[in-house]
Every structure is written in C-alpha cells, then in structure tokens.
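Examination of the molecular architecture
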Amino acid sequence: MLTDYIRDFRELFKIIAEAQHAGLVTLYRKIIVEITKKKQAEVQYCVRHDVPSPILEGAYAFIESLLATIPDKKPLFVDHALLQLRFARIAETYYDAEKWGWIEDPNPEHLREKRRLQARKDYEDLTRRQKTLFKFMQSAARVSVAAFIDDRDQQLKHILRRRRPFNKAWLARLKGLSHRLLHSIYQQKSLQGQNINLIHALIELDVPDHDIEVLEQVLKFLKGMGYIRIYTEPLIPMAIELFLHSRQKIEAEPQHSSEDYETFEAFQENRRLRELRLAALETLHALEIERERQQFIQDYFACQESGQILALIEKTLPSNSEILGRIREEALNVEEQNLSEEQRTVYEAPPGQSVVVTAGPGSGKTHTLLLRLARLIHKDHIAPDTMLVLAYNRAVVEEIKHRLHELMGQLGYRHLAKGLKVFTFHGLIKYCIPDIIRDIPIGDEWENVFLDTFQRTPGLIRQRLGAIRYVFVDEFHDMTMRRYRLLQFIAPPQNAHVFAIGDPNQSIYGHQRCAAGERWEAEPYFERLIAEYQAAAYHLRKNFRSFSHIIQAAEELVALNHGRLSPGSLAAVRTPSPAWAQHANYVEANDAHNLPWFQAVRKLLHETRADGAPYRHIAILFRSNLEVYRAFTELKKALQGVNTASVTIRVQGEGIQFARLREVEYFLDAFRARAEKPLPQNVVDDFLKDCQSLPACWHQDFLQILHALLLEFQNTRYDSATFGDLVEYIEDIGRSDAGQIYKIYQFWQPHKVLDRDLPGQQSTDIVLSSIHKVKGLEFDAVVIPASIADLPFAHSPASRADLQSIFAEERRIYYVGMTRARDRLLLFRSKREECLQKNQSFSLSSDQKSQLGVGFNAGIDNLFISHNANQTFIRSYAQLSEEAFLRYIERKIAIGDPLTLQRIRQCWYLVHKGTPVGRLSQKAARKLNPSTAYTGLEVTQVVRYSYQQSLASDEKHRQHGRSSHFADMWSPYFRQKGWSYLVDFCGYAQPSLF
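What counts and how
- Residues numbered from 1 in each chain as written.
- Predicted model: local features only at pLDDT ≥ 70, side-chain atom pairs only at ≥ 80, totals over all residues.
- Heavy atoms only, no water.
- Salt bridge = Lys/Arg side-chain N within 4 Å of Asp/Glu carboxyl O.
- Helix = DSSP H or I, 4+ residues; strand = E, 2+ residues; numbered from the N terminus.
- Buried < 20%, exposed > 50% of the residue type's maximum accessible area, 1.4 Å probe, protein only.
- Pairing = 2+ DSSP bridges.
- UniProt positions renumbered as here; feature names shortened; annotations may be inferred.
- Contact = heavy atoms within 4.5 Å.
- Axes fitted to C-alpha atoms, helices over the stretch in contact; angles between N-to-C directions.
- Parallel < 35°, antiparallel > 145°, perpendicular 65-115°, else oblique.
- Nonpolar A, V, L, I, M, F, W, Y, C, P; charged D, E, K, R; others polar.
- 1 Å grid on protein atoms, 1.4 Å probe; cavity = no way out; pocket = protein on both sides within 12 Å on 5 of 7 lines; lining within 4 Å.
- Points joined across faces, edges and corners; volume = space filled by probe spheres on them.
- Core = buried A, V, L, I, M, F, W, Y, C linked by side-chain atoms within 4.5 Å.
- Left-handed = near helix turned anticlockwise from the far one by under 90°.
- Expected span 1.5 Å × (residues − 1).
- Arc of directions from axis to C-beta.

A word on the pattern of salt bridges. Under the criterion given, the structure shown has 51 salt bridges. For Arg-824, the salt bridge goes to Glu-588, with nearest N and O atoms at 2.9 Å. With Arg-824 in strand β20 (residues 821–829) and Glu-588 in strand β15 (residues 587–591), the pair connects residues that are 236 residues apart, well separated along the chain. Across the salt bridge formed by Arg-824 and Glu-607, the nearest N and O atoms sit 2.7 Å from each other. With Arg-824 in strand β20 and Glu-607 in the loop between α26 (597–604) and β16 (617–622), this pair connects stretches of sequence that are 217 residues apart. Each member of the pair, Arg-824 as well as Glu-607, carries the same accessibility label: buried. Through salt bridges with shared partners, a single network forms among Arg-660, Glu-665, Asp-669, Arg-672, Glu-731 and Arg-944.

Here the focus is the pairing of strand β25 (residues 933–946). Taking burial as the measure, the 14 residues of β25 include 12 buried ones, the bulk of the element. With four bridges connecting them, strand β22 (residues 898–904) and β25 associate as antiparallel partners. Across the sheet, the residue bridging to Leu-901 is Tyr-934, located in β25. Bridge count for β25 against strand β26 (residues 979–992) is 12 bridges, and the pairing is antiparallel. Residue pairing across strands places Thr-935 opposite Gln-990, the latter belonging to β26.

Further remarks concern the UniProt feature "binding site: ATP" (unreviewed entry) in the protein chain. UniProt tags Ala-359, Gly-360, Pro-361, Gly-362, Ser-363, Gly-364, Lys-365 and Thr-366 as "binding site: ATP" (unreviewed entry). The residue Gly-364 is located in the loop between β7 (355–359) and α15 (365–378) in this model. Mapped onto the elements, Lys-365 comes out in helix α15. Residue classification places Lys-365 among the buried positions, given a relative accessible area of 13%. Excluding anything up to four places from it in sequence, Lys-365 contacts Ala-359, Asp-474, Glu-475, Ile-501 and Leu-540.

Turning our attention to the packing of helix α6 (residues 130–140) against helix α9 (residues 212–224). Orientation of α6 relative to α9, taken along the N-to-C sense of each, is 175°, at an axis distance of 10 Å. Judged by the inter-axis angle, α6 sits roughly antiparallel to α9. Counting all contacts with α6, which are made through Thr-132, Leu-133, Phe-136, Ser-139 and Ala-140, the residues of α9 involved are Gln-217, Val-218, Phe-221 and Gly-224. Of the residues belonging to the contact of α6 with α9, the class tally is five nonpolar, four polar and no charged.

Taken as a whole and judged by the stated rule, the model has six cavities of 30 Å³ or more. Counted as a void, the second largest cavity has a volume near 70 Å³. Contributing elements (two or more residues each) for the lining of the second largest cavity: α2 (37–49) and α7 (168–186). For the lining of the second largest cavity, the element with the most residues is α2, which contributes four residues. In the lining of the second largest cavity, the residues fall into eight nonpolar, three polar and one charged.

What follows is about the nonpolar core. Among the nonpolar cores identified, the biggest contains 142 residues, and Phe-671, Phe-856 and Leu-901 are the most heavily contacted of them. In terms of residue count, the dominant contributor to this core is helix α30 (residues 700–716) (nine residues). Not counting residues within four places of it along the chain, the set of residues in contact with Leu-901 comprises Phe-856, Trp-908, Tyr-909, Leu-910, Leu-920, Leu-928, Thr-932, Ala-933, Tyr-934, Leu-937 and Ala-989. In terms of nonpolar packing, the next biggest core, distinct from the first, is built from 64 residues, Ala-119, Leu-160, Leu-215 and Val-218 among them.

With that settled, the discussion passes to the packing of helix α3 (residues 54–69) against α7. One way to put it is that α3 packs onto α7 with a least axis distance of 11 Å and a crossing angle of 165°. When the interaxial angle is binned, α3 and α7 end up roughly antiparallel. Considering the relative orientation of α3 and α7, their crossing is right-handed. Taking contact as the criterion, the partners of Leu-56, Glu-57, Tyr-60, Ile-63, Glu-64 and Leu-67 in α3 are, on α7, Lys-168, Leu-171, Leu-174, Lys-175, Ser-178, His-179 and Leu-182. Grouping the constituent residues of the contact of α3 with α7 by class yields seven nonpolar, two polar and four charged.

We now examine the environment of Lys-315. Secondary-structure assignment places Lys-315 in helix α12 (residues 306–316). Here Lys-315 falls in the exposed class, since its relative accessible area comes to 61%. Sequence-wise, Lys-315 and Gly-412 are 97 residues apart; in three dimensions their C-alpha atoms are separated by 9.7 Å.

Right, let's get into helix α39 (residues 947–959). With 13 residues, α39 should reach 18 Å at 1.5 Å per residue; the first-to-last C-alpha distance of 19 Å fits that figure. Among the residues of α39, those classed as buried are Tyr-947, Ser-950 and Asp-954. With its buried residues spanning 60° around the axis, α39 presents them on a single face. Exposed residues lying more than 90 degrees from the buried face of α39 are Gln-948, Lys-956 and Gln-959. In the core, the buried residues of α39 are packed alongside β25, α40 (972–977) and β26. Taken from the residues just after α39, Gly-961 is the one with a positive phi, measuring 80°.

A few words on the sheet that holds strand β24 (residues 915–919). Spatially, six strands are ordered β21-β26-β25-β22-β23-β24 in an open sheet, and the strand pairing comes out antiparallel. Each edge of the open sheet is held by one strand with a lone partner, namely β21 (854–856) and β24. Strand-to-strand twist in this sheet, taken as the mean axis angle between neighbours without regard to direction, amounts to 40°. Along the sheet face, helix α27 (residues 625–638) touches β21, β25 and β26 and points at about 75° away from the line of β26. The sheet contacts of helix α28 (residues 662–672) involve β25 and β26, and relative to β25 the element is tilted by about 15°.

See below:
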C-alpha cells in the first residue's frame, strides 16, 4: 500500500481510507456539521419517506442541462435569458407542489396553497443561488466559468468551457452522495452539531474512489444550497500526525528499482518545495525593479517542481547571493547527513590530497565520488573547469552526468552541471584531438595516437583541455597501462590530484590486459597510484544492496584469490525480517542435476520480495553468450502454462550492436534528416506516436531502451542541442553491447510508456545475460545456472601462473554476478563449478559437445555480409527483388524466430520460413558437416550494414596486404540506398534429416 504514489492529500486520504477499512489504522479527524433549521423539516421528511429532495433534484437537473449543452472544445455563452429558460424547464419537471410533503395543514385547501407558495419560494431561492451552482460546476465537473458585463446591454453573462468530457454517470453519483450524506447526518442521535469521522464518511457513504476532494465538493454544495452548516474548517487538515507501531529501520534512500523509491522521492520533493517557497519569497523581496518582480512572479507560477523553482532562483540572483549560499549549504548538509561514516571519511579528505578508495559492491562508490566533487566546488572553492571525470564506457558516463545534473541542481549549481567535463577515455581523446583521429577507427589505436600527440605537442591538448587539477576516475579496477599513461600526462603527480575509486575484486576484464602483455590483476594499478601520487587509501565496506548471506556467499568464493587490496569483509546494511529470511531461504546452492534452474525461475514468479511485493527484476546470469541464447529457448518452454502476461523476458547478449539495430536505425534516419535543426521539447512524444505504427515484428525491448535513451538525453541536454547531437549520442553510446545501456533503461523504466504491464499489475522483468553485461546493475533476484563453458574460458595459458590468474578472474566474474542480487540468490553447481573451487580445468567431453551441436555466438562475422547486398543472391536464391528482400526482413522477421542452415550449391545459407536471408561466411561454414540442414538457431538481431562500412573493410584488408573487393559485390540499388539488412543469429545447430 505504501508503494502507491502519494502526489497530494487526495492520494494520501485514499491510502488512509483503505488502511482504516482494513483495520490497520484509525484517523482521528472529525468534522462538525448540522442541518440548518430552515431545512430540518424537509430533510426529516425525505429521510423518513426515503425520497429525494425535489429542490436538490432540480438543482442537479439544472447543472446537467447546462453541462450537456456545452460543445466540445468550444465555449458556451450564457446570458440571463438562457438561464431563465433553463430554470423554467426545471420548474415544470421538478417543482410540483405535491412533492413538498413536509408542509402540513389540516385544511386541504390551505395545504395545497401553502405547498404551492413554498415551492414557488424555493424555486426563486434556487435562481438566486447561481453562484453556488456555477462553483459546483467548476470544482466537481471541471468547467471553467468566467463572468463579464456585456458592453452592448450592460448585462452579466457567463462563458462556460469544459476541461474534460461530460460524464453523466459521475454527476449521478454525486447526486446520490448528496442524498446519502443528508440521511447520514439526520440519522445521528441529534440533528445538531454532529461529529462525523472523515474516513468513515469516505468509506460508508461510498464516496467515489474514496476521494476526499469529492466529499469536500458535495459538503460545500450542500452548504451553499442552505442545507448544512460546517463548523470544521478547513475540511482537509493541513497536517496529519502519525504514530509508529514499529521502529524497524527502513532504507535511508531506496534504490531506483525499489517500489518505495517514488514514495521516497515524493516526500523529498515536498520537503524541498517547502524550503524553496520561502527562498522564492526572499528572492522576490530582494528584487527592486518592478518589471523584474512581475517577471519573477510569472516565472514562479509556471514552475511545476522544486528543481524548476531552484533554477529560477539561481537564474535570478547573482552567484554570490547570500540566499543561494544558504540554499546550497542546507542542501549539502542534507546530503552529508545521508553519508555513512566510511563515506564521510572519504568525503572529508583534505582537498590537496590524492585519494584511492577500494569500494565493495553496493557501497555507494559513485555517489561518494560525486559528493566529493560537489564538496570541492562548494566548500573548497575549486573551479569546476579544472576538474575532469573519467569512466570506462559511455553508459556509465551518462549515468554520472545524470546524477551530477540532479545533485548540482539540488545544490543550486545547475548552470555548472552541463559544463563539467565527464568523458570516457575515448571520449576525452575525441574531445582533445578530433581532427587527428577523425579517420582512425575507434579503438586502442586512439590511445596510442593521443599519447604520441601529447608527447610531440602537449600545448595542443592543454589548450583544449585547460589546466586540469583534479581528476576523478570511476571503476579504476578496469585501468590499463595505456590509460594509466594517459592519466599521468593530463594529471601529472606534481601538478594534479587524482580521486580513484574501484574494487579489485570486480576486475573482470583482465583478459584484455593480458592480451596487451600486462598482468591480469588490477592491484598493481592501485598500488602504483598510491605510490606515485602519494595518495591516501580508504575503504568502503558497507553494502547497501544485498542481504548478509548473499554477501557472505560471494566473499567465500572470492576469498580463494587472496587479493592484496580488497576492501575487506563487507557488512550488509539491509536486513530481512526473520520471518521472510526463514521462509524464503534467500540464498540457495542447488545441485544442477537435482533441480533444473528454469524450475527455480517458475518458483520465483510466485514468490514475493522481502517487502511483500513481487520481484520486479530477475536476472539469469551465464558465463558464456551461447548459454544465454540456449537458455532463452529452455525458459520459454518451461514457462508454458504459466500466466506470463505481466512477465517480460529480454536477452542481453554479447554482440548486440544497438546503434545499428533495425529498430534504432529507423529513427536515426529521421533524426539525421533534421541534423542541423534544434531539438524540440516534444521529441519523446513524437517518438511514442511513431511507435504506434511500427511493424508488429519489431522488438519491443529495443524500442523501450531507445525510449530510455531519449529521456536521458532530454534530461541532460544543452539548450542548443540539435537532432545531430542526439544522433551522435545514440551512436556513441550504442557502439558497445547493450549491457550498460540497460542501466539507463533500468533507471527510466518506471517512466516508460512502451509497456506491457496489465492494468493494476506490476511487471516482472526477466533478463538473461552473460555476467559481464550486468556489471554495475542490480536485481531483486539473481539466478546463476551451472555452466558448460570451458575452463579456462577461451584462453590458452602458457604457464601455471597464467592459469592461476585465469581461475582468479573466473571467481571475480562469479563474485560480480552474485553481488548483483538484492533479496534473493540462487546458485546451481555442477562439474565446472567444482573444478573452479579446486583450481582445476574443465571441458565437456567430445560426446557431450556433439550432443549440444555446433555452437554459434551472435555476431555478423558469421555472415558473408556483401551477399545481402548482391543482386544475384537475392534474385536467384531468395527469389525476390532487392526492394522486396529488404521489406521481407523489415516486416517479417522477429527476434527469437527459428532459423535453419541449408546447403545450396556448395554454400551454406541462413533460411527463415523457407526464404534465404543470408549466407554463412567461410569461417562459419567450416564448422558444419555436409548434412542436408541444421536447426536449433534463433534470430538475435536485425542490423543494418552500410556500403561505407564495406568500403572501409576492403581498405583495411588492403592495408594489411590482403586482396579484398567485397564492396564491388553491392548492386547499384544497394549502393544508392547505402545499406542492407543482416540477420544475426545464435545457438547450437543440430543436424536435421529434412
């Protein structure tokens, strides 16, 4: 219940009404009302005879007649004549004197006359209560009412305009509520001064939606019609005092994936609004020019949330304003109070000292880094243009930018947030020497070119970058030698200070360092930085994410590595209730032979989290990409017969080229066509409208992620951003696999419109992924099935030392996977997991591998790319025109569709429902025996491949002395179009007899 969004007092009273009805709470809020003496006889008669009041019936009929007359999207002009006509019609229908049964007289002649006179008097009274009737129409029916004096005849007239469609049934419910309310007041022991419990009234009187505002509207209407007096004002209290029945600690700041996050944010927003309204009054008082005061007032009332008010104050006042200084100090104090003792120690480190922080998973390392940066700006007065923040992929950069935007906005430094330099290492190189690396494909070569340029012409880079004095490096455990040298160049130890934060136990890209001739482990970089920069070492050991047994299980595994610089034993901040922990057995180690992992997933779908809500995010993590796609098929079969209407299953595999996906390129084409035009505020709305007319086979998950990227860009964009900037952003962040992009999606998921949730239900997101692709993410529950991948994994060590390093990295990989879990961790163990514990190699037998089939990882290198732009292939084999071939792939092929491999004229072709859609490369074809066909493969993505990419590939081959003319195979149609579609696939190919 507390997870409902509390936007205002109406929402709050709905929640309290439901809780009081369930017997959980009682709100001691009573209203004192009485029926007026003038109306006592009428109300008494109507209650005893169970008939409605004809006066109120006439009033509601008048309101209904006017509402039904107002045209859609047009105003209704009402003059005195129209009003009199409406009242006259009401009188004919409702003001029959015989209905005035409360008027009594023993003489029948006198009785008829008395009733006629009273009905006439009440009719005239109704016509005088036009103000009450119009007010009720404004509040209850959402009708805007404007009165004016017509210059032509000097008569009072009204303009009525509907703000929502007329709902006759809704008005009937309000009329019924009026009658029930009068009956309830009368049926008390006394007609005078009745105490009515506010919540009881909402429940027992069947107030629509338990809406306190509706009850207030009807009470005021009855008061305006002269039926009741109300002695409790205001009806809705300004505050509610709550008494705690439990002192169990809750999370100080819920995670974005938590159901409590929206509620937490609503309370935080309410607190900020109270403080900023006072600051806005001070700002207004400080303005001396009347024109500026009027503009400030106008801009203030246009603000819809606290961030906009603060931005207005920041824009209005000078940067050294005492008001702004106080706002910043208070905001920073609030952030400081939420720091743990460990985090505060790092935060308060001397500004002139370099810092190295080893931070365990879930310890708030990025938050600590950003607050340290904010402190240097605010308290130590370090110029922001002397600061640089470096991260290891574009998605993390965007997360940091987003959080910086929020943090700096709360601190009154919104104007600085977008100017802070936040880059990936490659992004920094592009920023410094864009012309030099323009024609060089992005990759490690960029780093070599940068280092060479810096050595030859350091002034060129310093002029662009400025004098950097403070460098913040996130995920320092992913450092390489080239990047370390780059760091030394831009921030030499004698002139700059470095703040590096990371966790050697989460270093899982050692194979990349090994390929460059470096050591697998990250510790040498931590040790070198401490020595060369004379950095102080700190540790963050408190885990705010996982329950204690999850941490314990992960640490038991990684402890076998004997790392020199690990953060040490972690301490869980979150603790489950004893009843839940005992019931759920929230860490399970299962024998894979006794319990299939997909049966455990079925079980999770019927479980709830520690807070009683369903799991929102479940991750099933695998060691290899092939296992991911194989599991996708197994899971779909296992969930047959299970109600999965509110379950989303997404595959987050290796090799996904997000920016080249069919679904993404469609929108990038439209953006590129307007590259120079300013980006409008409604770009996200336009995207959502376009999504309504897309082919049914297009993958919803990809569109949801693109939606999240658009929201993220819109949130952190410059005012002068263009469509070209948006294209560059999506292409840059989409070059890598979708793993880290999912973090942005996970943040924006509560706001997404492209959703498949059922009304009133919360969806469960099941993610199948390799462990590498979830680094930095978190999930309510994590399942790690037993692996069948080789151990060592895709490596051929030359020495025993290399082998031990590989085993250590494998354990770190599993450590990262296990520590993604918040509430629940399910581990499955088989032979490979036992070998890893014992530092032994593992591989399936030849027979076992044969039973699996021929493994194909996702990636377009499995395809003979140019054939999909070749006229002969398309017309002879696919038997389609070039245009029809593209249309088939665009509108007929969906992710997860089954594919077969068929051998036609000595070549292997990828076939979708009888239509060849690609040819295998020679390298991929060598894996196959000359069988008739293979089955067991699935579509993983549909991507575009451009003619320019083909030309660049040919040129690269020629530079290496290899003849290459693949671009020559492109037909004139595809050369003019500039691209063709490729159907990527993955899975274990099984020989088939047909």
